[in-house]
Amino acid sequence: MLKKVIALCALLCVSVGASAVDYPKVNLKMSTTVSEQSNAAVMCKVFADRIREETGGNIRVRVYPSDQLSGGNMSKGVEMIQRGGIDCAFEPVDVMAVIDQSLLALSIPWTYPDYAAAEQNLLGSGGDYIKKQLAAKGVECLGFIHNGFRQLTNNRNEVRKPEDLRGMKLRVPGGDVFVNFFSAFGADPVAMSFSELFTALQQGTVDGQENGFDLIVANKFYEVQKYLTNWNYSYGAFALVFNKKKFDSLTPETQELIRRVGAEVCRQGNQNVVDDEEKKKQIVIDADCKLIELSQDEIDEFKKLLPDYYAAMKAKYGAEACAALGIQ
């Protein structure tokens, strides 16, 4: 019996040794536009740790949050990924649109009823479309995590109806999908880099901004804003991306590992956003930032002013993008 156990252990050791991969030594620079407390930055660190552990330290990923590698410039950060100055990143799809404007179609308001619907689309036709468009621009896309449904914060007044936005100066990330949306209600949207936003809110350079609960809480915008309108007006996602030349230069085993770990990290990142949203909403309430929950009837009053906007956005971003992303 003892001989059989020893023989079995020896066989297992041989099997494990045969399946082990000797990964080549590689150092990667990974960026994200958000601060280190945000979910996307946390997932960068999880990705880096997992890759290091599974390769025995042979592949090391150094994470740079807050667009450190591009001096706080979001668009420059994307261009650096494209050129190879940054190896990989978790970057917002709406920011990646600097190299393909059709990606902004993902942000067209009130497309997805909930996170499950958005995730299903990005695991299917929507994700395939984004991956194809980025690959043509020299960027390999491996997956997505929720950036969240965007809410509105401001210091001026409660926003419950379209006229409440009139004349309000709001920071938006750029792109007609955001600028034209708020302009339709008479607001004054201003494109501004995310790294400049807290100071702009604090100093009153802008009245408000729009982001998901994760970024609102991670960056403590509730400390310098009086009102938050919860209306889930636009869905956003971060894309896990690599410079394509860099990714293609990796061994097949390394590529397979990165794809597998990337998919697992994306699933975890998505679940984090879903699980934590109510907790983060409570943090805002506890900080005496007034939470205004819009009913569907109230949201419909905003939609009534948007037929021309929707028609223009669909025409601009194209039938292929809109069909893939489930935009009716």
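Residues numbered from 1 in each chain as written. Predicted model: local features only at pLDDT ≥ 70, side-chain atom pairs only at ≥ 80, totals over all residues. Heavy atoms only, no water.

(A) Expanded view of the pattern of salt bridges. This model, assessed by the stated rule, comprises 22 salt bridges. Close ionic contact of Glu298 with Arg160 constitutes a salt bridge, the shortest N to O distance being 4.0 Å. With Glu298 in helix α12 (residues 296-303) and Arg160 in the loop between β5 (151-154) and β6 (169-172), this pair connects stretches of sequence that are 138 residues apart. When its relative accessible area of 22% is taken as the criterion, Glu298 is described as partly exposed. A salt bridge links Glu301 to Lys304; its shortest N-O distance comes to 2.8 Å. Its relative accessible area of 56% is what places Lys304 among the exposed residues. One connected set of salt bridges, linked through shared partners, spans Arg50, Glu54, Arg260 and Glu264. (Salt bridge = Lys/Arg side-chain N within 4 Å of Asp/Glu carboxyl O. Helix = DSSP H or I, 4+ residues; strand = E, 2+ residues; numbered from the N terminus. Buried < 20%, exposed > 50% of the residue type's maximum accessible area, 1.4 Å probe, protein only.)

(B) Looking closely at helix α11 (residues 252-286). The end-to-end C-alpha distance of α11, which contains 35 residues, comes to 50 Å, matching closely the 51 Å that a straight helix rising 1.5 Å per residue would cover. At Asp276, α11 is bent by approximately 45°, the largest bend along its length. Among the residues trailing α11, Asp288 stands out with phi positive, at a value near 65°. (Expected span 1.5 Å × (residues − 1). Bend = angle between axes of the 7 residues up to and from the residue.)

That is the geometry; function is a separate question.
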